[in-house]
Amino acid sequence: MAIPTVDPARYDEQLAEKQAYVENTFAAFDTPALEVYPSPPSHYRQRCEFRIWHEEDDLFYAMFEVDPENSKNKRVIRLDQFPVASAHINELMPKLRDAFLASDELRRRLFQVEFLTTLSGQALVTLIYHRPLGDAWEAEARALEKALDIMIIGRSRKQRLVLTQDHVWERLTVDGRTLHYQQVENSFTQPNAHICQTMLSWAKEATQGRQAEDLVELYCGNGNFTIALAENFRRVLATEISRTSVASANVNLEANGVTNAHVARMSAEEFALALKGEKEGRRVAEMALDEYEFSTVLVDPPRAGLDEQSCHQISEYAQIVYISCNPATLAENLTLLTKTHDIERFALFDQFPFTHHCECGVLLTRRSPQVASQS
């Protein structure tokens, strides 16, 4: 892995390179002009994890650069600051290191530190050890929580000690409205909160005018898009396989007063079977599928994208909102989806500046059956 070199003076240049890459990747498609949404050029990532490297009486945060010619060769990179990470993480890094150096109980066999911060100012720090944690560790960790105004979780093999709580509360502003999100330790959340706000606003604008129709959302996570888009639709049915994420999504629905959405713990494949009437059971019955009139589907799949069967499934909907973290698999999926749908909007969200990663958003609308059959 190459550690990003953050150079704010080069931000526009690296964004232009990404724009050119995306436009070239999708040159074969009939796309509208690419909408490009920039990130803050530094301190944009709200969660990070670092190894702790011990050298005699010293210790420091570390990442590793892998030799591209031999993956077994790794070079330790010392990090006293990390401009990729939020300002709050950078503020906490030296304070925590000083606390570790001053306390044998806190530093002994400390292996990794994970940060989860928010735009609203909260910080949850997970300390991972290669030894059991006892009362002495807990006493010092609680004192450190108070001194730094943070929350701490201690982890070791078969141990997870939550001192205050296992989550933070993020506040995102979308089109003048403040949305509240519980973000649980060790669960997926969008790392760039500034870009997340932009993505939610874009998706909300793209799905306006559907208040008499219903939305189905696959891979909904903790309800990130569900919360923002619920007011655009009559009802929302969201699915997610992670038990932790489903629980968090339901907490977030309640926290934001969303009453027209239901989150089901179910994979995209299981949901496809349920729609066909080929899957039954309590969770299927709770969804009350007969009551919905779906016009729009939102998918935010992992890097592998959608398989062919899933592409055929979502092509049944009049409108598709596809959020992708991998342009290569997005292009593969669009080869199938554009047989029935036109690309109406196409966006690049610079979720990870100074890396090769690109986040894209695509809005597709279904052509009439006659036109689709001729394509």
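In the annotation of an unreviewed UniProt entry, the entry for the chain reads tRNA/tmRNA (uracil-C(5))-methyltransferase, and the organism field reads Vreelandella lutescens.

J.: An account of the nonpolar core is requested, with residue identities and associated values reported.
T.: Ranked by internal contacts, the top residues of the largest apolar core, which has 75 residues, are Phe50, Tyr61, Phe82, Leu96 and Phe115. For this core, the leading source of residues is helix 2 (residues 87-102), giving six residues. Beyond its immediate sequence surroundings of up to four residues, Phe115 is in contact with Gln46, Arg47, Cys48, Phe50, Tyr61, Ile89, Leu92, Met93, Leu96, Leu124 and Val125. Core analysis: the next-biggest nonpolar cluster, separate from the first, contains 34 residues, Trp202, Leu215, Phe225 and Ala261 among them.

J.: How would you sum up the state of the cysteines? Please name residues and give values.
T.: Inspection of the entire model under this criterion finds zero disulfides. Unpaired in this structure, Cys220 has its nearest cysteine sulfur neighbour in Cys196, at a distance of 14 Å. With relative accessibility at 4%, the residue Cys220 sits in the buried group. Its sulfur unpaired, Cys325 is 9.7 Å from the next cysteine sulfur, which belongs to Cys360. Relative accessible area serves as the criterion here: at 19%, Cys325 is assigned to the buried category.

J.: Go over the packing of aromatic side chains, please, and point to the residues and values.
T.: Throughout the structure, instances matching the rule amount to 13 aromatic pairs. Ring geometry for Phe50 and Tyr61: centres 5.5 Å apart, planes at 65°, overall edge-to-face. Of the two residues, Phe50 is situated in strand 2 (residues 47-55) and Tyr61 in strand 3 (residues 58-67); the sequence distance between them amounts to eleven residues. Residue classification places Phe50 among the buried residues on the basis of a relative accessible area of 1%. Summarising the aromatic geometry, the rings of Phe294 and Tyr317 are spaced 6.3 Å apart at their centres and angled 75° between planes, so their arrangement reads as edge-to-face.

J.: Go over helix 2 with me, naming the residues and quoting the values.
T.: Given a rise of 1.5 Å per residue, 16 residues ought to cover 22 Å, and the 24 Å separating the end C-alpha atoms of helix 2 matches this to within 8%. Turning to helix 2, its buried residues are His88, Ile89, Asn90, Leu92, Met93, Leu96, Arg97, Ala99 and Phe100.

J.: I'd like to hear about the UniProt feature "binding site: S-adenosyl-L-methionine" (unreviewed entry) in the chain, residue by residue, with values.
T.: With numbering matched to this structure, UniProt assigns "binding site: S-adenosyl-L-methionine" (unreviewed entry) to Gln190, Tyr219, Asn224, Glu240 and Asp300. When you line up the elements, Asn224 lands in helix 6 (residues 224-229). Excluding residues within four positions of it along the chain, Asn224 makes contact with Leu172, Tyr181, Gln190, Cys196 and Leu200. Its location among the elements puts Asp300 in the loop between strand 14 (294-299) and helix 10 (308-314). Setting aside chain neighbours within four positions, we find Asp300 in contact with Gln190, Leu218, Tyr219, Phe225 and Ile323.

J.: For the sheet that holds strand 3, give the residues involved together with the corresponding values.
T.: By definition, the strands of a sheet pair up through backbone hydrogen bonds, in either a parallel or an antiparallel sense. Across the sheet, which stays open at both edges, the seven strands sit in the order 4-3-2-5-6-7-8 with mixed pairing between neighbours. Strand pairing shows two members of the sheet lacking a second neighbour, strand 4 (70-79) and strand 8 (159-162), which therefore form its edges. Between one strand axis and the next, the sheet turns by 30° as a mean value, whatever way the strands run. Strand direction decides the pairing type here: strand 2 and strand 5 (residues 110-117), joined by five bridges, are antiparallel.

J.: Now, about helix 11 (residues 327-337): what can you tell me, with residues and values included?
T.: All of the buried residues in helix 11 are Pro327, Thr329, Leu330, Ala331, Asn333, Leu334 and Leu337. Of the surrounding elements, those touching the buried residues of helix 11 are helix 1 (11-25), helix 10, strand 15 (319-324), strand 16 (341-349) and strand 17 (359-366). For helix 11, the capping residue at the N-terminal end is Asn326, with a side-chain oxygen 3.1 Å from the backbone nitrogen of Ala328.

J.: Can you tell me about the pairing of strand 8, naming the residues and giving the values?
T.: Inspection of the sheet shows strand 7 (residues 151-156) paired to strand 8 by four bridges, in the antiparallel sense. By the bridge assignment for strand 8, Ser156 is matched with Gln159. Where strand 7 hands over to strand 8, the hairpin turn is made up of two residues, of which Lys158 adopts a positive phi near 60°.

J.: So what's going on with unusual backbone geometry? Residues and values would help.
T.: The phi angle of most residues is negative, glycine excepted, and most peptide bonds adopt the trans form. One non-glycine residue with positive phi stands out, namely Glu56, at about 55°. Structurally, the position occupied by Glu56 is in the loop between strand 2 and strand 3. Here Glu56 falls in the exposed class, since its relative accessible area comes to 82%. Phi is positive for Phe354, close to 65°, though the residue is something other than glycine. Along the chain, the position of Phe354 falls in the loop between strand 16 and strand 17.

J.: Give a description of the sheet that holds strand 11 (residues 210-218) that names residues and reports values.
T.: With respect to topology, eight strands assemble into an open sheet ordered 1-16-17-15-14-11-12-13, the strand pairing being mixed. Two strands lie at the open edges of the sheet, namely strand 1 (35-37) and strand 13 (261-265), each paired on one side alone. Taken pair by pair, the neighbouring strands of this sheet meet at an average axis angle of 15°, ignoring direction. Direction of pairing for strand 15 relative to strand 17: antiparallel, over a ladder of six bridges. Opposite Gln319, over in strand 17, you have Thr365 as the bridge partner. Against the sheet, helix 5 (residues 193-206) engages strand 1, strand 15, strand 16 and strand 17, with an angle of about 160° to strand 16. Across the sheet, helix 8 (residues 268-275) lies against strand 11, strand 12 (233-240) and strand 14, angled at about 130° from strand 11, the strand it touches most.

Here is what the cut-offs are and how they apply
Residues numbered from 1 in each chain as written. Predicted model: local features only at pLDDT ≥ 70, side-chain atom pairs only at ≥ 80, totals over all residues. Heavy atoms only, no water. Core = buried A, V, L, I, M, F, W, Y, C linked by side-chain atoms within 4.5 Å. Buried < 20%, exposed > 50% of the residue type's maximum accessible area, 1.4 Å probe, protein only. Helix = DSSP H or I, 4+ residues; strand = E, 2+ residues; numbered from the N terminus. Contact = heavy atoms within 4.5 Å. Disulfide = S-S within 2.5 Å. Phe/Tyr/Trp six-rings, centres within 6.5 Å; stacked < 30°, edge-to-face > 60°. Expected span 1.5 Å × (residues − 1). UniProt positions renumbered as here; feature names shortened; annotations may be inferred. Pairing = 2+ DSSP bridges. Axes fitted to C-alpha atoms, helices over the stretch in contact; angles between N-to-C directions. Polar contact = N/O pair within 3.5 Å; in protein donor to acceptor, adjacent residues only side chain to side chain.

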